[in-house]
Amino acid sequence: MNSRLKPLAVLLPLAFCQPLQATEQLASLDTMVVTATRQPMRVSEVLTDVSVIERNEIEAAGHTNLEQILAAQPGIQIVANGSWGAESSLLIRGTNGKHALLLVDGMRMGSATNGNVSWSRIPVAQIERIEIIRGPASAMYGSDAIGGVVQIFTRRSEETFHFSAEAGAGNYGTQNGSVSMSGKQNGWNYGATVSHESTKGFNSRPWTTTANPDKDGFHNLAASARLGYTFAPGHEVLLSALHADGMSRYDGSGATNDWVSKTRNGNGSLVLKNKINPNWNSTLTFGRSNDYSDNLRNGLFDSRFNTDQNLYSWQHDLNTRWGNLLVGLESTRQSITTSDNYAEKTRQNDSVQLGWNRGFGQHRLQGSIRHDDDSLFGDKTTGSLAYGYRLTPNWRASASIGTAFKAPTFNDLYYPLKNGNIGNPDVRPESAVNREITIHHEAGNHALSLTWYLNHIKDMISWTQVGAVTTPTNIDTARIEGATLNWQGRLRGFDLAFNYDWLDAKDQKNSRQLPRRARHSANASAGQEIGPWNWRTEFQFTGKRHEYPSTGPKVDMGSYTLVNLYAAYRFAPAWSVFARVNNLFDRDYILVNTYATPGRNAFIGIRYSPK
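Quantities reported herein were computed from a predicted structural model and do not represent experimental measurements.

Where do I start with the overall build of the protein in this structure?
Broken down by element type, the protein carries five helices and 34 strands. In terms of principal-axis extent, the alpha carbons of the protein reach across some 65 × 60 × 55 Å. Looking at the 611 residues of the protein, the share that counts as buried comes to 55%. Residue pairs in contact within the protein that sit at least 24 positions apart in sequence constitute 60% of those at least 6 positions apart. Here the protein displays about 26600 Å² of accessible surface, and carbon together with sulfur accounts for 57% of that area. Looking at the protein, you have 60 positive and 54 negative side-chain charges, and the mean spots of the two groups are 3 Å apart.

How should I be thinking about the sheet that holds strand S6 (residues 100-104) in this particular structure?
In any sheet, the strands associate via hydrogen bonds between backbone groups, in a parallel or an antiparallel arrangement. If you walk across this open sheet you meet the five strands as S3-S8-S9-S6-S7, and the pairing is mixed. This sheet does not close on itself; its edge strands, each paired only once, are strand S3 (49-54) and strand S7 (107-109). The mean inter-strand angle of the sheet, taken between neighbouring strand axes irrespective of direction, is 25°. As defined by bridge partners, S6 adjoins strand S9 (residues 148-154) across five bridges and the pair is classed as parallel. Bridge pairing links leucine 103 to glutamine 151 in S9.

Quick question: what am I supposed to make of the side chain of serine 521 here?
Structurally, serine 521 can be placed in strand S28 (residues 520-530). The exposure class assigned to serine 521 is buried, which follows from its relative accessible area of 7%. Sequence-distant contacts of serine 521, defined by excluding residues within four places in its chain, comprise Gln77, Asn499, Tyr500, Asp501, Phe541 and Thr542.

Can you walk me through the pairing of strand S8 (residues 127-134) in this structure?
Put simply, side chains in a regular strand alternate between the two faces of the sheet. Burial analysis of S8 places eight of its eight residues in the buried class, which makes it a mostly covered element. Inspection of the sheet shows S3 paired to S8 by six bridges, in the antiparallel sense. Each residue of the ladder has a partner; that of valine 52, found in S8, is glutamate 131. Two elements, S8 and S9, share seven bridges in a ladder whose sense is antiparallel. Its bridge partner being in S9, isoleucine 133 is matched across the sheet by valine 149.

I keep staring at the pairing of strand S15 (residues 259-277) and nothing clicks. Help me out?
For strand S14 (residues 235-250) and S15, the ladder comprises 16 bridges, and the chain directions are antiparallel. Among the inter-strand pairings, tyrosine 250 is bridged to a residue of S15, identified as tryptophan 259. When S15 meets strand S16 (residues 280-297), the two strands line up antiparallel, connected through 18 bridges. Among the inter-strand pairings, asparagine 267 is bridged to a residue of S16, identified as serine 289. The antiparallel hairpin formed by S15 and S16 contains two residues in its connecting segment.

Quick question: what am I supposed to make of the nonpolar core here?
Soluble globular proteins tend to bury their nonpolar side chains together. Membership of the largest hydrophobic core comes to 24 residues, with the highest contact counts inside it found for Leu70, Leu90, Leu102, Trp119, Ile130, Val150 and Ile152. Sequence-distant contacts of isoleucine 130, defined by excluding residues within four places in its chain, comprise Ser51, Val52, Ile53, Ile58, Leu66, Ile69, Leu70, Val150, Gln151 and Ile152. In terms of nonpolar packing, the next biggest core, distinct from the first, is built from 15 residues, Val50, Leu101, Leu103 and Met140 among them.

How should I be thinking about unusual backbone geometry in this particular structure?
Apart from glycine, the bulk of residues carry a negative phi angle, and the bulk of peptide bonds sit in the trans form. Residues other than glycine seldom take positive phi values, yet asparagine 298 does so here, at roughly 55°. For asparagine 298, the location among the structural elements is in the loop between S16 and strand S17 (300-320). Among the residues examined, asparagine 298 registers a relative accessible area of 43% and is labelled partly exposed. Look at aspartate 459: it is not a glycine, yet its phi comes out positive at around 55°. Looking at the secondary structure, you find aspartate 459 in strand S24 (residues 446-466).

Would you mind showing me how to read the packing of aromatic side chains here?
Each aromatic ring pair is specified by the distance between its two centres and by the angle formed by the two planes. Per the stated rule, a full pass over the model turns up 17 aromatic pairs. The ring of tyrosine 595 is capped by arginine 205, whose NZ or CZ atom sits 4.8 Å from the centre of that ring.

Can you walk me through a nonpolar patch on the surface in this structure?
Residues Ile530, Trp533, Tyr569, Phe571, Trp575, Val577 and Ile606 make up a contiguous nonpolar surface patch of roughly 640 Å² in combined accessible area. Among the secondary structure elements, isoleucine 530 is positioned in strand S28. Among the residues examined, isoleucine 530 registers a relative accessible area of 47% and is labelled partly exposed.

Help me understand the environment of asparagine 176 in this model?
Along the chain, the position of asparagine 176 falls in strand S11 (residues 174-185). Contact partners of asparagine 176, with chain neighbours within four places excluded, come to Thr64, Glu166, Ala167, Gly168, His196, Glu197, Ser198 and Phe603.

Hey, could you run me through the environment of glycine 82 in this one?
Residue placement: glycine 82 occurs in the loop between strand S4 (76-80) and strand S5 (88-92). The exposure class of glycine 82 is buried, given its relative accessible area of 10%. Separated by 147 residues in sequence, glycine 82 and tyrosine 229 have C-alpha atoms that sit 44 Å apart. The contacts of glycine 82, once residues within four sequence positions are left out, are Phe202, Ser204, Tyr595 and Ala596.

Sorry, what's going on with the confidence of the model for the protein here?
Detailed reading of the predicted coordinates is not advisable wherever pLDDT is low. Considering every residue of the protein, the mean pLDDT works out to 93; 95% of them sit at 70 or more. This stretch, residues 1-27, has a pLDDT under 50; its non-local contacts, to residues over four places away or in other chains, come to 44 contacts.

Looking at this structure, I do not really get the environment of threonine 230. What am I missing?
Along the polypeptide, threonine 230 turns up in strand S13 (residues 216-232). With a relative accessible area of 33%, threonine 230 lands in the partly exposed category. For the pair threonine 230 and leucine 90, spaced 140 residues apart in sequence, the C-alpha separation works out to 37 Å. Once residues lying within four places of it in the same chain are set aside, the contact partners of threonine 230 are Gly187, His235 and Glu236.

Looking at this structure, how should I read the side chain of asparagine 274?
Structurally, asparagine 274 can be placed in strand S15. At 2.9 Å, the side chain of asparagine 274 forms a polar contact with the side chain of histidine 235. Apart from the residues within four sequence positions on either side, asparagine 274 is in contact with Phe231, Gly234, His235, Trp280, Asn281 and Ser282.

Quick notes on the rules
- Residues numbered from 1 in each chain as written.
- Predicted model: local features only at pLDDT ≥ 70, side-chain atom pairs only at ≥ 80, totals over all residues.
- Heavy atoms only, no water.
- Helix = DSSP H or I, 4+ residues; strand = E, 2+ residues; numbered from the N terminus.
- Buried < 20%, exposed > 50% of the residue type's maximum accessible area, 1.4 Å probe, protein only.
- Contact = heavy atoms within 4.5 Å.
- Areas by Shrake-Rupley, 256 points an atom, 1.4 Å probe, with all protein chains shown as cover.
- Lys, Arg positive; Asp, Glu negative; His and termini not counted.
- Charge placed at Lys NZ, Arg CZ, Asp CG, Glu CD.
- Pairing = 2+ DSSP bridges.
- Axes fitted to C-alpha atoms, helices over the stretch in contact; angles between N-to-C directions.
- Core = buried A, V, L, I, M, F, W, Y, C linked by side-chain atoms within 4.5 Å.
- Phe/Tyr/Trp six-rings, centres within 6.5 Å; stacked < 30°, edge-to-face > 60°.
- Lys NZ or Arg CZ within 6 Å of the ring centre and 35° of its normal.
- Patch = residues over 30% accessible without salt bridge, like charges linked within 9 Å, V, L, I, M, F, W, Y side chains within 5 Å.
- Salt bridge = Lys/Arg side-chain N within 4 Å of Asp/Glu carboxyl O.
- pLDDT = per-residue confidence, 0-100.
- Polar contact = N/O pair within 3.5 Å; in protein donor to acceptor, adjacent residues only side chain to side chain.

Right, dumping it as structure tokens:
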């Protein structure tokens, strides 16, 4: 047996030892998903590695930020630069943080200058549902989706009227609160949520003498709203918006400098859905998103990096005798406003997309192709093809191949000469080819999957020393091979989940493991509802990782295991109190060299949410 697969060979029997027969059906696990194909499909029909997290699951786990939720999912590792609200990266299947695309209600979010996503600015209180796609998705969404896609849907309700609120506090001076209302009647659907979160934080770099030893606090005020009207059967217009206003302290240069990042992130969209005939649906979208960031040093303005993105999209979904077709046209315009003088400040990307899926007998085929024409680097065509076969009523298998790309950022192309750094207008897009095979078993309340993947990424952009300056060049290549084992189910009244990832992420240029990636990682949880009580225990294991500083030797970062607890008590039909403890055993660990992580912390709150 291939030695690299031995970890899976050891764990696979453990998954099968669970009794995978139950009297209840798998309806709760076989939910609908949109992000995988841009069309509603059941998870069991999708030939992509997906996860869906509903609002009730978020509340049952008691997670207080988006990074906590995502870190517990298979195939994902999180790195963060210190205290809450700091810059963080989502590493999906060993790719880097700029290879993960974030969508909020279908709108792209993130910075066009550095390519980063402000994960901490999306409050948990604003989230109704999360869909995660692991693997390349450029054939669906264009640039950035080399590692995968995370789509967040903001709060909504199918009830006539629903109101909820919660508030809580914890150590590190943490205080959170939110109010939400939503409803649906007489053709109208509506919703609004306001949330606030704040914390005094902790010293992000306590071991660095050149960093300010103060606490790095964070606060974020966010609001979302939606209003829709169905003016005829199959015809709907929908307005939605999200805005988050945040502030975080961070450790930049200088032991006496007080660095502050002030951010504004959000989006707004107008969507018109029309059922032209029983087999033809049209969706027309106009939207805008922003990612604004001002940096202050000792209370004085230092720098600004603002991104605006305008989206115009027209999607047609056709049900034909040859299968379900998707035809999409999309135009995105990015513009930046900065305190530095970039040679170019706007870019236009126009794309056309075709998608197709069909099931016949025990077989299912899915394919897509997309052509992007970018005003700065030219055009790029990506595609994907997947085949699935149902072996038995409980077993199914699939295989797929897909390509993806990551466009150079404005910093990569046009960053002005500053502090020895300068952009390179000749840098090319990164590109990737991914292959994967998955086998699923689903029975009763249990679902098991094992996925193997191999992703080759070339022309990776790396900022390297060239003469007297540091500039981006296409010199790096990566070979990322991995396997993900995922199981969830219900056994003897317990809700159980387990996932394990084996990852071999290699920098082929330097013949070494990519930084900050653990070869082995795993998550497990067990929970139960007993009358008015609800409890949950989580275990998170991350293996050894490495960093390679530009000066000095390789830095080894040890493995660690975190244990988290959550409990809630419903003392009235609509009222409950809850508490969560993270890092129960106060384990010391690091995610990024020289940056600290939180010790044991607790959060206690009260929630009003009629069932």
